[in-house]
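Here is what each chain is made of, one letter per residue.
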Amino acid sequence: MADSQELKVAIIGGAGFMGSAHSKSWALAALQTPTDAKPVKAVVVERDLDLALATAEKFGWAEAADDWKAIVDRDDIDIIDVVTPPHMHADIVCYALERGKHVFCEKPIANAREDVERIVTAARAASGVTAIGFNYRHNASIQYAAHLVASGAIGDVIQARFEYHQDDAFSDMGWRRYKARGGSGASSDIGSHILDLAHYLVGDIAEVNASLTTVKLTDDDDSDVDDGGAFLAHFDTGALGIFSFSQKSHGNFAHIRFEIDGTEGGIGFDWNQRDVVRVFRKAADGRSQGGFVATPVAAGAPGVWFGSSSLGSGYLEPSTNLMVDFLGAIEGGDRPQGDLEHGARIQSVVDAVWKSAETRSWVAPEPFGA
Ligand SMILES: NC(=O)c1ccc[n+]([C@@H]2O[C@H](COP(=O)([O-])OP(=O)(O)OC[C@H]3O[C@@H](n4cnc5c(N)ncnc54)[C@H](O)[C@@H]3O)[C@@H](O)[C@H]2O)c1
């Protein structure tokens, strides 16, 4: 067996929701990666030491700490995994990149334009590999759908519709509800996920025309960010995009859906049936074949872990696949599927959505680091 290379990971903000998901995914990535680069769960950093100690115990991190700078300064730490609220991302990411670390940062990359600019500048100057936490594209069915589109199976894309609906905001969403605490609205929190899917499946977006909602259900609801919205988009190819997202959508717990209409066929996906891609391909004589065929993703397809189709896949496989992609990039010196520059590209579209909703007009994304 080849010597494995240990890559020591420090996670910043590891007690939270994504801290839990990443703690499990790093453990799985060590087993799943085909490369010799094996992640080791070295340090969990939290805002206070008791919480960090409890998290280390609960999620299996070797050490606990409460000062992220002191941990980033350590020579023995290779990867910094940032899972704090987004307004903290830029300081941690830039500090880590300047010290030669590999950096995995959760989405959205950052909320403020100047923070995104700082990250892009630091990432371009850095020796470390970076990745952004757009995990859903690493679901095997979505990867298969992307393969179908890229291989021309449905012809040229005419129209693509993307949705992400949740009912989370009917309960307390903590920092997500306030700009000052890192919140940036459903447009950024879940809108960024479907924008990543749209870029992955269809391509870059040239302009958007958006409308956002902020619905107050109670008198004491003091949230200052949007809770949903919709926008039209034109892709660079000329295809039309239709996007809808809401965190006040009763009964939809994590409902990600898309449909892509092509000149030769169509594709549909629903996260709640995530081992299946619906495919329609026009017959050679141009006549309809009677609608979509539900195709379970085949065993052996990229992203499928077990050698039998339809065993089911969940939330951790895509996150783990994303980490495996990142580890492979560290070992091979390549760029992972979604690095921080890609995170900035997605944020430039979120920015355009905000500007469009404010000005009630079509807005083109302004690239970062131009
Ligand atoms: N990719 C996904 O599917 C997905 C899902 C949920 C959240 N996220 C992203 O993950 C990030 C975190 O979201 P979350 O839901 O886990 O939030 P969370 O509030 O559950 O966790 C954030 C953690 O950061 C910690 N923290 C705050 N200040 C700190 C400091 N100075 N030092 C160390 N730790 C500190 C908090 O104590 C908390 O435990 C956000 O960017 C969010 O958008 C991504």
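About the criteria used
- Residues numbered from 1 in each chain as written.
- Predicted model: local features only at pLDDT ≥ 70, side-chain atom pairs only at ≥ 80, totals over all residues.
- Domains from an automatic or database assignment.
- Helix = DSSP H or I, 4+ residues; strand = E, 2+ residues; numbered from the N terminus.
- Nonpolar A, V, L, I, M, F, W, Y, C, P; charged D, E, K, R; others polar.
- Core = buried A, V, L, I, M, F, W, Y, C linked by C-beta atoms within 7 Å.
- Buried ≥ 20, exposed ≤ 12 C-beta atoms within 10 Å, placed from the backbone.
- Contact = placed C-beta atoms within 7 Å.
- UniProt positions renumbered as here; feature names shortened; annotations may be inferred.
- Near = placed C-beta within 6 Å.
- Pairing = 2+ DSSP bridges.

> Would you take a moment to explain the domain arrangement of the protein chain for this structure?
Interface size is commonly expressed as the accessible area that is lost once the parts come together. Split by domain assignment, the protein chain resolves into domain 1 (5-135) and domain 2 (137-336 + 346-359). Averaged C-alpha coordinates put domain 1 and domain 2 at centres separated by 24 Å. Contributions of two or more residues to the side of domain 1 that touches domain 2 are made by α1 (17-32), β2 (37-45), β5 (102-105) and α5 (113-125). Here the residues of the side of domain 1 that touches domain 2 are counted per class, giving 18 nonpolar, nine polar and four charged.

> Would you explain the nonpolar core in this entry?
One broad rule of soluble globular proteins: the nonpolar side chains tend to lie buried together. Counting residues in each nonpolar core, the largest one holds 101 residues, and the members touching the most others are Val93 and Ile119. Sort the elements by how many residues they give to this core and helix α10 (residues 340-359) lands first, with nine residues. Split by domain, this core shows at least three residues from each of two domains, domain 1 (5-135) and domain 2 (137-336 + 346-359). Once residues lying within four places of it in the same chain are set aside, the contact partners of Ile119 are Ala90, Val93, Cys94, Ile109, Ala110, Leu340 and Ala344.

> Quick question: what am I supposed to make of the environment of Trp68 here?
Turning to its location among the elements, Trp68 is positioned in helix α3 (residues 68-72). In sequence terms Trp68 and Val43 are 25 residues apart; their C-alpha atoms lie 9.9 Å from each other. When sequence neighbours within four positions are dropped, the list of residues in contact with Trp68 reads Ile12, Val45 and Ile92.

> Would you mind showing me how to read the UniProt feature "domain: Gfo/Idh/MocA-like oxidoreductase N-terminal" (unreviewed entry) in the protein chain here?
Using the residue numbers shown here, the UniProt feature "domain: Gfo/Idh/MocA-like oxidoreductase N-terminal" (unreviewed entry) corresponds to residues 7-133. Here residues 7-133 is 43% helix and 23% strand, with 19 Å between the C-alpha atoms at its ends.

> Help me understand the UniProt feature "domain: GFO/IDH/MocA-like oxidoreductase" (unreviewed entry) in the protein chain in this model?
What UniProt calls "domain: GFO/IDH/MocA-like oxidoreductase" (unreviewed entry) maps, in this numbering, to residues 143-267. What you have in residues 143-267 is 18% helix and 35% strand, and the ends, taken at the C-alpha atoms, are 12 Å apart.

> Would you take a moment to explain the site of the ligand for this structure?
The environment of the ligand is made up of 22 residues, and the closest members are Gly13, Gly16, Phe17, Met18 and Glu106. The dominant element in the shell around the ligand, judged by the number of residues it contributes, is α1, at three residues. Two domains each donate at least three residues to the shell around the ligand, and these are domain 1 (5-135) and domain 2 (137-336 + 346-359).

> Is there a simple way to explain unusual backbone geometry in this structure?
A negative phi angle characterises most non-glycine residues, just as the trans form characterises most peptide bonds. Looking along the chain, the bond that leaves Lys107 and enters Pro108 is cis, with omega of -15°. For Pro108, the position within the fold is in the loop between β5 and α5.

> How do you make sense of the pairing of strand β10 (residues 240-246) when you look at a structure like this?
Looking along a regular strand, one sees the side chains alternate between the two faces of the sheet. Pairing of strand β7 (residues 157-165) with β10 involves seven bridges; the strand directions are parallel. Looking at β10, one finds that Glu163 is bridged to Ser244. Of the strand pairs in this sheet, strand β9 (residues 228-235) and β10 are connected by seven bridges, and their pairing is antiparallel. Considered in β10, the bridge of Ala230 is made with Ser244. Linking β9 back to β10 in an antiparallel pair, the connection comprises four residues, with Gly238 at a positive phi of about 100°.

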